[in-house]
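Chain residues, written in single-letter form:
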Amino acid sequence: MTVAELRARESVPESPVPRLGGRRTAVGGAVPSLLALGAVLLWVLALRPVDPASLGDVGLAPARPLAVWAAPALLSVAFVVALARRAGGPFLLLLVVALVVMLQATAAAVEPEIRGFVSYRHLGIIDTLSRTSELHSGLDAYFDWPGFFAAMATLDGLAGGDALRVLAHWSAPVLGLLYLPPVLLITRALTSDRRLRWTAVWLFCLGNWVDQDYLSPQGFALLLLLSLLGLLLTVFRPRVDVDQEPWAPSVRTQLVAYGTVVLLVAALAPTHQLTPFAAVLGISCLVAVRRCSLASLPVLSGALVSLWVVFFAVSYLQGHLTGIVSEVGDLETLVDANVRDRLDGSPGHVLSVRLRTASTLLLAAVAVVGAWRRWRAGRQDVTTLALVIAPVALLLVQPYGGEMGMRVWLFALPATAVLAAGSFFPTLGHDVGRATWIALAVVLVALVGGFGVSKYGNERVLAPTTAERAGLEQVYDATPPETPVVAATGHLPWRMRDYETRRTTTVVALWDEVGDANGVVDLVRAEADASPTGTTLVVFSRSQTAADRKFGLLPDDALQQVEDRIAAAPGSRPLLTSHHLRVYEVAGATPGGAP
Amino acid sequence: VRTALRLTPLVLIAALLGLVVVEAQTPVRVLLVALVLLTCPGLTLAAGMDSPDLLLWVVAVPAISLSTLTLSAVTLLLLGWWTPTVCLVVLAAVTVGAVAVVPSGRAASEEPLP
């Protein structure tokens, strides 16, 4: 089959969708706008501050008034009614914006502090770059892929004040809203059926539970990746018959778009370890199935990404290459890290993981049905399938600390959402019955329910209390910046400053080395001996205890045993004791510490 | 409109540089920083596209701007020259260069396409 035939089968112009419920109007009548207004009011009125310490193992979902979760469900019903009544694009866009705010801003609106302990680490890296203007290459992987941190350090320096912390607090809704234009561009390039397109955007928002949209390189890189795919699919998709498209890009537009695509790949390369490879795979797949006219782009993008890895991330590679290579194609490690290990922990944790899995499988199953129904209807969604399949190759390469499955889901989500939407609108230009609209509403409402647990299921661990955050800052202020820190687990709002000077480790890591509480205390004292101050800080907090119970990190009571022995160790004194945070300063055997 | 879009980033950057130099800490400065980082030099370079597609513009402008910011900041760090102000000056230089390279609306409409 020739390119022309393939392309023609994929882009059959769609006849106008029959009108349901009368003439097309701006908002599709009074019902959807009233439902949407009710949903927004419900959400706003139900927002109340929450104490993270009061949350259970299923996280934020059961702790909030039902109205907080009923609101996006009601909004989804409003969306379906508006779509059925052929509401205008601006109204549908308004509904999508409201959905993103409801889904992504809930935690920021009700929790007292920046959520996610990794956000604090990222603030610490930005602080280090700002203070030292230096790339501390080799300190850890973050400094070998510094693009996002350098950009944020610039923002921090230019804006001043607390702007960066405010951004960190609200980053999920900000990124969620920034994702919308490229996702709209991608879906528009993949289908000209507006029902399918808007449903896909809605499903993307509901499927984006992976929680990478905190102040993070991967959240930023995803924005660049989505923009890259949107531009490629819109400007560089071969057109067999330009009459099928509303416009054909001019040479000038293509030149600017090409420059932008190259710029995006170049910016992705130093920004994140994984996303650039997802970009190269996506580009290569599109070229391989002849859905991107830039035949040289896979080589160019591969070269740009490799250039960074080989020349600028070499210190990371030197330390980790053996480990990375040994995990290539290791399916057992992959399954253990991405599936089995996640099912360990408290009953509440297992429940939230199962609900998350069920929600994901629901959307995936709907996508499979969509692909099948569209194939039966004579549509070959080659481009869409290529974008779903491309990132899956990453699964075979690396378990990525047990997160690869979720990352692949995120990379494939825009195209998966288009396929899923196709299960409701498989036949282009054909009317669908009332049962289809009801089925769509049911699936969307079910996914809203799944989202609450999937995204916010770990909130008891991820959301620090003010006592924890402020207490740690107080301890950091009161101790020399070279003093090492041993935290019970990594689930703590720590490393927000002195990133390059304070050595850090966790009791969990030390326990893995020696296997008993006395051995851990000996290692802590050895750590103090090796430090320039002759002391080390040991931190126990509410969120760490919650993490230990939820994920089953240590044997029962092990953490309490370690804390008791640390408190009783010679040269140990409590620096701070509160209900949520205990910090001990432990002296080593050598007075004055290492020279 | 195209000419206005090409020149707007220069005005924004000049205003922000002024606020940074006099160390004025106002909410306007935060808003201006967000605007500059999201639109400079994207607005100027995207003006080179003669497409009427608004959505394409909305995607291209922040994509160009954020990529340029990232690459500028990383390059300056690698060279050991990074400070927020130097990075802003680089963004300003790229924007000025883009204004010079990208044809104005009148020129674009009169020049034959390659």
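The rules we used
- Residues numbered from 1 in each chain as written.
- Chains lettered and ligands numbered in written order.
- Predicted model: local features only at pLDDT ≥ 70, side-chain atom pairs only at ≥ 80, totals over all residues.
- Heavy atoms only, no water.
- Helix = DSSP H or I, 4+ residues; strand = E, 2+ residues; numbered from the N terminus.
- Contact = heavy atoms within 4.5 Å.
- Buried < 20%, exposed > 50% of the residue type's maximum accessible area, 1.4 Å probe, protein only.
- Areas by Shrake-Rupley, 256 points an atom, 1.4 Å probe, with all protein chains shown as cover.
- Arc of directions from axis to C-beta.
- Phe/Tyr/Trp six-rings, centres within 6.5 Å; stacked < 30°, edge-to-face > 60°.
- Pairing = 2+ DSSP bridges.
- Axes fitted to C-alpha atoms, helices over the stretch in contact; angles between N-to-C directions.
- 1 Å grid on protein atoms, 1.4 Å probe; cavity = no way out; pocket = protein on both sides within 12 Å on 5 of 7 lines; lining within 4 Å.
- Points joined across faces, edges and corners; volume = space filled by probe spheres on them.
- Nonpolar A, V, L, I, M, F, W, Y, C, P; charged D, E, K, R; others polar.
- Expected span 1.5 Å × (residues − 1).
- Core = buried A, V, L, I, M, F, W, Y, C linked by side-chain atoms within 4.5 Å.
- Left-handed = near helix turned anticlockwise from the far one by under 90°.
- Salt bridge = Lys/Arg side-chain N within 4 Å of Asp/Glu carboxyl O.
- Buried area = accessible area lost by both parts, 1.4 Å probe.
- Polar contact = N/O pair within 3.5 Å; in protein donor to acceptor, adjacent residues only side chain to side chain.

1. Regarding the overall build of chain B
Next up, step 1: Along chain B, the regular secondary structure elements total six helices and zero strands.
Next up, step 2: Restricting to contacts in chain B with at least 6 residues of sequence separation, those with at least 24 account for 62%.

2. Thoughts on the overall build of chain A
Next up, step 1: The secondary structure content of chain A amounts to 28 helices and five strands.
Next up, step 2: For chain A, with 595 residues in total, the buried portion stands at 58%.
Next up, step 3: Of the roughly 22,300 Å² of accessible surface on chain A, a fraction of 63% belongs to carbon and sulfur atoms.

3. A few points about helix 25 (residues 507-514) of chain A
All names here are of chain A.
Next up, step 1: Within helix 25 the residues assigned to the buried category are Val 507, Val 508, Leu 510 and Trp 511. Buried positions in helix 25, seen along its axis, are confined to an arc of 160° and lie on one side of it. Opposite the buried face of helix 25, at more than 90 degrees from it, the exposed residues are Asp 512 and Glu 513.
Next up, step 2: Contacts from the buried residues of helix 25 go to strand 1 (485-487), strand 2 (504-506), helix 26 (517-530) and helix 28 (558-568).
Next up, step 3: Note on helix 25: the residue one or two positions beyond its end, Gly 515, has a positive phi of about 80°.

4. Some remarks on the packing of aromatic side chains
All names here are of chain A.
Next up, step 1: The tally for this structure, following the rule as stated, stands at eleven aromatic pairs over all chains.
Next up, step 2: With centroids separated by 5.6 Å and ring planes inclined at 90°, the aromatic side chains of Tyr 142 and Phe 149 adopt a geometry described as edge-to-face.
Next up, step 3: On the basis of an interplanar angle of 75° and a centroid distance of 6.4 Å, the ring pair of Phe 451 and Tyr 456 is categorised as edge-to-face.
Next up, step 4: Given the relative accessible area of 0%, Tyr 456 is considered buried.

5. A short note on unusual backbone geometry
Next up, step 1: Cis geometry marks the peptide bond from B:Cys40 to B:Pro41, where omega comes out at 5°.
Next up, step 2: By secondary structure assignment, the location of B:Pro41 is in the loop between helix 2 (27-39) and helix 3 (42-46).
Next up, step 3: The phi dihedral of A:Ser133 falls on the positive side, at around 50°, and the residue is not glycine.
Next up, step 4: With respect to the helices and strands, the residue A:Ser133 is situated in the loop between helix 6 (117-132) and helix 7 (141-144).
Next up, step 5: One non-glycine residue, A:Arg495, adopts positive backbone phi at about 60°.
Next up, step 6: Looking at the secondary structure, you find A:Arg495 in the loop between strand 1 and strand 2.
Next up, step 7: Overall, A:Arg495 belongs to the buried group, its relative accessible area being 17%.

6. Thoughts on the sheet that holds strand 4 (residues 572-577) of chain A
Residues and elements named next belong to chain A.
Next up, step 1: Ordered in space as 2-1-3-5-4, the five strands form an open sheet in which the pairing is mixed. If you trace the sheet from one side to the other, it starts and ends with strand 2 and strand 4, each paired once. Strand-to-strand twist across the sheet, computed as the mean angle between neighbouring axes with direction ignored, equals 25°.
Next up, step 2: Pairing of strand 1 with strand 3 (residues 535-541), which is carried by three bridges, proceeds in the parallel orientation. The partner of Ala 487 across the bridge, within strand 3, is Val 539.
Next up, step 3: Sheet strands in contact with helix 24 (residues 466-478) are strand 1, strand 3, strand 4 and strand 5 (581-587), and its direction is about 25° off that of strand 5.

7. Focus: empty space enclosed by the protein
Residue and element names in this part refer to chain A.
Next up, step 1: Under the definition given, this model contains seven cavities of 30 Å³ or more.
Next up, step 2: Roughly 80 Å³ of volume is contained in the largest cavity.
Next up, step 3: Forming the boundary of the largest cavity are 14 residues, of which Arg 115, Ala 168, His 169, Ser 171 and Ala 172 lie nearest the centre.
Next up, step 4: Within the residue set of the lining of the largest cavity, elements represented by two or more residues are helix 5 (89-110), helix 9 (163-169), helix 10 (171-190) and helix 22 (434-456).
Next up, step 5: Here the lining of the largest cavity is built from residues that sort into seven nonpolar, three polar and four charged.
Next up, step 6: Put simply, the second largest cavity is a space of about 70 Å³.

8. A closer look at helix 6 of chain A
Residue and element names in this part refer to chain A.
Next up, step 1: Along its 16 residues, helix 6 runs 23 Å from first to last C-alpha, staying within 8% of the 22 Å computed at 1.5 Å per residue.
Next up, step 2: Along helix 6, the positions that sit buried rather than exposed are Phe 117, Val 118, Ser 119, Tyr 120, His 122, Leu 123, Gly 124, Ile 125, Ile 126, Thr 128 and Leu 129.
Next up, step 3: Positive phi appears at Ser 133, one or two residues downstream of helix 6, with a value of about 50°.

9. Quick word on the nonpolar core
Most often, soluble globular proteins keep nonpolar side chains buried together rather than apart.
All names here are of chain A.
Next up, step 1: If you look at the biggest cluster of nonpolar residues, it comprises 194 residues, and the most contacted ones within it are Leu 75, Phe 79, Trp 202, Leu 228 and Leu 232.
Next up, step 2: Among residues more than four places away in sequence, those in contact with Leu 228 are Val 261, Leu 264, Val 265, Leu 268, Ala 279 and Ile 283.
Next up, step 3: The next biggest cluster of nonpolar side chains, apart from the first, holds 20 residues, and it includes Val 507, Val 538, Val 562 and Ile 566.

10. Structural notes on the packing of helix 8 (residues 147-159) of chain A against helix 2 of chain B
For any two helices packed against each other, one specifies the inter-axial angle together with the distance between the axes.
Next up, step 1: Viewed as axis vectors pointing N to C, helix 8 of chain A and helix 2 of chain B meet at an angle of 145°, and their least axial separation amounts to 9 Å. Of the two elements, helix 8 of chain A crosses helix 2 of chain B, and the hand of that crossing is right-handed. Along its contact with helix 8 of chain A, which presents A:Leu155, A:Gly157, A:Leu158 and A:Ala159, the element helix 2 of chain B presents B:Arg29, B:Val30, B:Val33 and B:Leu37.
Next up, step 2: Each residue belonging to the contact of helix 8 of chain A with helix 2 of chain B can be placed in one class, and the counts come to six nonpolar, one polar and one charged.

11. Let's talk about the pattern of salt bridges
Residues and elements named next belong to chain A.
Next up, step 1: Applying the stated criterion across every chain, the model contains 20 salt bridges over all chains.
Next up, step 2: The closest approach of N and O atoms between Glu 468 and Arg 542, which form a salt bridge, is 3.0 Å. Placement of the pair is Glu 468 in helix 24 and Arg 542 in helix 27 (residues 542-551), with a sequence separation of 74 residues.
Next up, step 3: You can call Glu 468 buried: its relative accessible area is 0%.

12. A look at the pairing of strand 3 of chain A
Residues and elements named next belong to chain A.
Next up, step 1: Burial within strand 3 is extensive, with seven of its seven residues counted as buried.
Next up, step 2: In terms of strand pairing, strand 3 meets strand 5 through seven bridges, oriented antiparallel. Bridging from a neighbouring strand, Ser 541 pairs with Leu 581 of strand 5.

13. A short note on the interface of chain A and chain B
Next up, step 1: Contacts between the two partners involve 45 residues from chain A and, on the opposite side, 41 residues from chain B.
Next up, step 2: Where chain A abuts chain B, roughly 3,600 Å² becomes buried across the two surfaces, and 77% of that area is made up of carbon and sulfur atoms.
Next up, step 3: The largest share of the area that chain A buries against chain B comes from A:Thr154, A:Leu158 and A:Arg252, three residues that together contribute 22% of it.
Next up, step 4: Taking the shortest distance from any N to any O, the salt bridge between A:Arg252 and B:Asp50 comes out at 3.9 Å.
Next up, step 5: For the interface between chain A and chain B, the tally reads six residue pairs in polar contact (both at pLDDT 80 or more).
Next up, step 6: Class assignment for the residues of the side of chain A that touches chain B results in 29 nonpolar, 13 polar and three charged.

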